[in-house]
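# Survey of secondary and tertiary structure
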Amino acid sequence: MWTRTLRGGGRVAVVAAEWCDAFGVVTRGRVQLELRDGELGPVLGRDAGFWLRGTGVRALRNPGRRTARVRIVTPRARTVICRPTHPVPQSPNDGGTT
């Protein structure tokens, strides 16, 4: 678990490799989600929780003047290896042993 602090008007990029299994909770201020296409998403207030996996969020923004804080929780340590969310084609079974 770690905390991200965003000063008023601040922005932090969401790096998929680090944030793929992350769940965020706004603990102070307001945070706006910036979507993959650059459009601005919803503004989340205190105690709002959100998943980042599969959402297309590319950044977290602070639309206000006061400092905002987001608590980030992941099921593993900060170094996270993401698995694809779509099925990976498997080789046909050739009858051999592995």
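Since we're looking at a predicted model, the values are computed, not measured. Every chain's residues receive numbers from 1 upward, in the order its sequence appears when written. Per-residue local features of the predicted model are confined to residues with pLDDT of at least 70, and side-chain atom pairs are confined, for both listing and counting, to 80 or more; whole-chain, interface and lining totals are unaffected and use all residues. Derived side-chain values reflect all non-hydrogen atoms in the structure, with water molecules and hydrogen atoms excluded from consideration.

## With respect to the overall build of the protein
Runs of H or I in DSSP of at least four residues are treated as helices and runs of E of at least two as strands, each being numbered from the N terminus. Broken down by element type, the protein carries one helix and eight strands. What you see in the protein, going N to C, is helices and strands ordered as β-β-α-β-β-β-β-β-β. Counting every position in the protein, which comprises 98 residues, the buried fraction comes to 31%. Whether two residues touch is decided by their heavy atoms; if any such pair falls within 4.5 Å, the residues are in contact. Excluding contacts between residues fewer than 6 apart, the proportion of contacts in the protein whose partners are at least 24 apart in sequence is 72%. Each residue's exposure class comes from its accessible area (1.4 Å probe, protein chains only) as a fraction of the maximum for that residue type: buried when under 20%, exposed when over 50%, partly exposed otherwise.

## Focus: the confidence of the model for the protein
As a general rule, the predicted coordinates of low-pLDDT regions are not to be interpreted in detail. The score called pLDDT rates the predictor's confidence residue by residue, from a low of 0 to a high of 100. Taken as a whole, the protein shows an average pLDDT of 80; of its residues, 77% reach a score of 70 or greater. Between the elements of the protein, mean pLDDT differs from a low of 76, seen in helix α1 (residues 16–19), to a high of 95, seen in strand β3 (residues 23–28). Within the model, pLDDT remains below 50 along residues 79–91, and this stretch shows ten contacts once partners closer than five positions in the same chain are excluded.

## Comments concerning the pattern of salt bridges
The salt bridge definition used is simple: a Lys or Arg side-chain nitrogen within 4 Å of an Asp or Glu carboxyl oxygen. Applying the stated criterion across every chain yields a total of three salt bridges. Here glutamate 34 makes a salt bridge to arginine 11, at a shortest N to O gap of 2.9 Å. Here arginine 11 lies in strand β2 (residues 11–13) and glutamate 34 lies in strand β4 (residues 31–35), a separation of 23 residues in the sequence. Glutamate 34 sits in the buried class, given a relative accessible area of 4%. The structure contains a network of salt bridges with shared partners spanning Arg11, Glu34, Arg58 and Arg61.

## Things to note about the sheet that holds strand β7 (residues 57–61)
Read across the sheet, four strands follow the order β2-β7-β4-β5 without closing on themselves; strand pairing throughout is antiparallel. The open sheet terminates on both sides in strands that have one partner only, identified here as β2 and β5 (40–44). For this sheet, the mean inter-axis angle between neighbouring strands, taken without regard to orientation, is 25°. Looking at chain direction, β2 and β7 are connected through three bridges and run antiparallel. DSSP bridges decide pairing: two strands pair if at least two such bridges lie between them. For every element, the axis is a line fit to its C-alpha atoms; helices are fit only across the contacting stretch, and the angle between N-to-C directions ranges from 0 to 180 degrees.

## Let's talk about a positive patch on the surface
A surface patch of like charges, here positive, comprises Arg28, Arg66, Arg69 and Arg71. Following the sequence through the fold, arginine 69 ends up in strand β8 (residues 68–73). Look at arginine 69 and you get partly exposed, because its relative accessible area is 32%. Every patch collects residues that have over 30% relative accessible area and no salt bridge, joining them within 9 Å if they carry like charges and within 5 Å if they are nonpolar side chains (Val, Leu, Ile, Met, Phe, Trp, Tyr). Accessible surface area values rest on a Shrake-Rupley calculation with a 1.4 Å probe, where residue burial reflects the displayed protein chains alone. Residues scored as charged are limited to Lys and Arg (positive) and Asp and Glu (negative), so that His and the chain ends carry no count. Working definition for charges: the position is that of NZ of Lys, CZ of Arg, CG of Asp or CD of Glu.

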